[in-house]
Amino acid sequence: MKTFAILSLAISAASATYNSAVAPSGTVAAAAGAVTHTVTVGGVKPAADPSGTPTPILGYSPEAISAAVGDVVEFVFMQKNHTVTQSTFANPCVKMAGGIDSGFLPNPSGKPGVTFQMTVPATDPMWFYCKQKNGTHCGKGMVFSVNAVESSEKNSAAYKQLAIAQNGTGLLPANIAPSGGASAAQAPPASTVTIAAGASAAATIAAGQGQTGDGQACSCACLCGANSFPQAAAVNSFGGFAGMLS
């Protein structure tokens, strides 16, 4: 009888210990000794003039952290509508296949309690960005990293600059080649452009390639030169000079 009682008490104690480690639904259970790192997502900077409009903060604070395996990163979402989306270093503004993604967590008024948590799975560097295209947040440097090796070329600052180059200001200059000089790789699919009577003979077509905001390849062709508006072109159309294809 004494042996049975002792065994029953041991089973009850083990069961109580296990239950105390279970986190409430929707939260992340931190491992024993784990650290929780708090990162603020977005927010606004008050206007200098009390009657002015606050300036949106397109960034994470801090932008980079070092964390141990099992640590929890809690993202606190502020104004207005952002994400925490994992990418690779090479493609900062493109969601990594199978990567972590909070999805959009709008918080227009900056109320407390809008959070997203993740547990750090390894010591390898992890790269994140905001996929909000309204304002091109990633292209303006809204990125975040975990365990970036700051002494290497692939550090947090390099990741941010690459995001700006790929999805921001770096996309503004188009890769345009003069007519007749474009390589096969640069030229868009072949098509015939008919220039209406009255168009300037100096007008030429320049072809080029680029990248969309979500990292997809695209091509374009520009009609260069001055000419008059061709008769009947763009009739019943909206959005400008539609052009004519044969």
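Since the model is a prediction, treat every value here as computed from it, not as a measurement.

Calculation criteria
Residues numbered from 1 in each chain as written. Predicted model: local features only at pLDDT ≥ 70, side-chain atom pairs only at ≥ 80, totals over all residues. Heavy atoms only, no water. Disulfide = S-S within 2.5 Å. Helix = DSSP H or I, 4+ residues; strand = E, 2+ residues; numbered from the N terminus. Buried < 20%, exposed > 50% of the residue type's maximum accessible area, 1.4 Å probe, protein only. Phe/Tyr/Trp six-rings, centres within 6.5 Å; stacked < 30°, edge-to-face > 60°. Salt bridge = Lys/Arg side-chain N within 4 Å of Asp/Glu carboxyl O. Core = buried A, V, L, I, M, F, W, Y, C linked by side-chain atoms within 4.5 Å. Pairing = 2+ DSSP bridges. Polar contact = N/O pair within 3.5 Å; in protein donor to acceptor, adjacent residues only side chain to side chain. Contact = heavy atoms within 4.5 Å.

1. Brief notes about the state of the cysteines
Scanning the model with the defined rule gives one disulfide in all. The disulfide partner of Cys93 is Cys138, and the gap between their sulfur atoms is 2.0 Å. When the S-S torsion is -80°, as for the bridge of Cys93 with Cys138, the disulfide is left-handed. With a gap of 45 residues between them, Cys93 in the loop between strand 8 (85-87) and strand 9 (105-106) and Cys138 in the loop between strand 11 (126-129) and strand 12 (143-146) connect regions that are remote in the sequence. Taking the relative accessible area as the measure of exposure, Cys93 reaches 9% and is therefore buried. Cys130 carries a free sulfur, and the closest cysteine sulfur to it, the one in Cys138, is 8.2 Å from it. The class of Cys130 is buried, set by a relative accessible area of 1%.

2. Some points on the packing of aromatic side chains
Evaluated as defined, the whole model comprises seven aromatic pairs. With a centroid separation of 5.4 Å and an interplanar angle of 85°, the aromatic rings of Phe75 and Phe144 are classed as edge-to-face. Taken as a pair, Phe75 in strand 6 (residues 72-77) and Phe144 in strand 12 lie far apart in primary sequence, 69 residues in all. Take Phe75 and Phe144: they sit in the same class, and that class is buried. Within the aromatic cluster, the residues linked to one another by ring pairs are Tyr60, Phe75, Phe116, Phe128 and Phe144.

3. Some points on the pattern of salt bridges
Using the criterion set out here, one finds two salt bridges in the structure. Residue Lys160 is joined to Glu63 by a salt bridge in which the shortest nitrogen-to-oxygen separation is 3.0 Å. With Lys160 in helix 2 (residues 156-167) and Glu63 in the loop between strand 4 (60-61) and strand 5 (64-65), the pair connects residues that are 97 residues apart, well separated along the chain. In this structure, the salt-bridge partner of Asp101 is Lys131, at a minimum N-O distance of 2.7 Å. Within this pair, whereas Asp101 is found in the loop between strand 8 and strand 9, its partner Lys131 is found in the loop between strand 11 and strand 12, the two being separated by 30 residues in sequence.

4. Topic: the nonpolar core
Counting residues in hydrophobic clusters, the biggest one holds 18 residues, and the most contacted among them are Tyr60, Val73, Phe75, Phe144 and Val146. Residue assignment for this core shows that the elements contributing at least two residues are strand 1 (36-41), strand 6, strand 11 and strand 12. Among the elements that line this core, the one with the most residues is strand 6, at three residues. Core analysis: the second largest hydrophobic core is formed by nine residues, Tyr129, Ala148, Tyr159 and Ala163 among them.

5. Section: the sheet that holds strand 1
With respect to topology, four strands assemble into an open sheet ordered 4-1-6-10, the strand pairing being mixed. Only two strands of the sheet have a single neighbouring strand rather than two, namely strand 4 and strand 10 (115-119). One ladder, built from five bridges, connects strand 6 with strand 10; its direction is antiparallel. Paired with Val73 across the bridge in strand 10 is Met118.

6. Some points on the side chain of His37
With respect to the helices and strands, His37 occurs in strand 1. Looking at His37, its side chain comes within polar contact range of the side chain of Asp71, at 3.0 Å. Excluding anything up to four places from it in sequence, His37 contacts Ile65, Ser66, Ala67, Asp71, Val72, Val73 and Glu74.

7. Side note on the pairing of strand 12
Along strand 12, one buried face is formed by Val143 and Ser145 and the opposite face, lined by Phe144 and Val146, is buried too. Alignment of strand 5 against strand 12, held across two bridges, turns out to be parallel. Residue pairing for strand 12: Ala64 is matched across the bridge by Ser145.

8. Points about the pairing of strand 1
Every second residue of strand 1 is oriented toward a common face, the buried set being His37, Val39 and Val41 and the non-buried set Thr36, Thr38 and Thr40. Bridge count between strand 1 and strand 6: six bridges; the pairing is parallel. Each residue of the ladder has a partner; that of Val41, found in strand 6, is Phe77. Of the strand pairs in this sheet, strand 1 and strand 4 are connected by two bridges, and their pairing is antiparallel. Considered in strand 4, the bridge of Thr40 is made with Ser61.

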